[in-house]
Amino acid sequence: MQKIIYVGIGGFIGATIRYLITLHSAKLVNSNISLGTLIVNVLGGFLIGMIMEISMSTNLISSNLKLFLTTGLMGGLTTFSTFSYETISLMNTGRYLLGTMNICLNLFLSLGGIIISTFLCKTIF
C-alpha cells in the first residue's frame, strides 16, 4: 500500500507540473506543434535518465524514492499518449511534415536527454 501512495503522489505532482508547463508554453509560443508536450517529454527523458543512472551507480536514491520519481513523477509528467494523439491529428489534417517533425523532435530530443543526463551522472558520480 505504501508503494501505491508513493506512485500516486508522484503522479499527481508530475501531472500538475505537466499541466503548468503546457499552459505556460502555449502562452509563450503559438505553434502548430505542442511545445508543452515536447518540453515535458524531453525533460522527462533527461530526468529519468539521471534518476536511473544515479540509482544504479550510487545509494542516493532508495527503492521507494526511485518508484516515486520514475513511475509516479515521470509517469505523470511525460505524455506519450498525448504526443501520439497530436501526431495523428496533424497527419489526419494533411500536415504530414509537422507530424513527422513532431515525431522526430520528441523521439530524438527525449533520447538525447537520456544520453546527456546519463553521461553527466557518470561523470559526476
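Residues numbered from 1 in each chain as written. Predicted model: local features only at pLDDT ≥ 70, side-chain atom pairs only at ≥ 80, totals over all residues. Heavy atoms only, no water.

Taking an unreviewed UniProt entry as the reference, the chain is identified by name as Fluoride-specific ion channel FluC belonging to Clostridium taeniosporum. According to UniProt, the comment filed for the chain under the heading Catalytic activity (unreviewed entry) is "fluoride(in) = fluoride(out)". Under Function (unreviewed entry), UniProt gives the following word-for-word description of the chain: "Fluoride-specific ion channel. Important for reducing fluoride concentration in the cell, thus reducing its toxicity." (UniProt positions renumbered as here; feature names shortened; annotations may be inferred.)

J.: Explain the UniProt feature "binding site: Na(+)" (unreviewed entry) in the chain to me, using residue names and the numbers behind them.
T.: With numbering matched to this structure, UniProt assigns "binding site: Na(+)" (unreviewed entry) to Gly-75 and Thr-78. Among the annotated residues just listed, those that line the largest pocket are Thr-78. Under the relative-accessibility criterion, Gly-75 is labelled partly exposed at 43%. Within the element layout of this structure, Thr-78 appears in the loop between helix 3 (63-77) and helix 4 (80-92). (1 Å grid on protein atoms, 1.4 Å probe; cavity = no way out; pocket = protein on both sides within 12 Å on 5 of 7 lines; lining within 4 Å. Buried < 20%, exposed > 50% of the residue type's maximum accessible area, 1.4 Å probe, protein only. Helix = DSSP H or I, 4+ residues; strand = E, 2+ residues; numbered from the N terminus.)

J.: An account of the layout of surface pockets is requested, with residue identities and associated values reported.
T.: Over the atoms, a rolling probe the size of a water molecule traces out where space has been left empty. Estimated volume of the largest pocket: approximately 200 Å³. Taken together, Asn-41, Gly-44, Gly-45, Ile-48, Thr-78, Phe-80, Phe-83, Ile-103, Asn-106, Leu-107, Ser-110 and Leu-111 make up the lining of the largest pocket. Of all the secondary-structure elements, those providing two or more residues to the lining of the largest pocket are helix 2 (35-57), helix 4 and helix 5 (96-124). It is helix 5 that contributes the most residues to the lining of the largest pocket, five residues altogether. Residue composition of the lining of the largest pocket, by class: six nonpolar, six polar and no charged. (Points joined across faces, edges and corners; volume = space filled by probe spheres on them. Nonpolar A, V, L, I, M, F, W, Y, C, P; charged D, E, K, R; others polar.)

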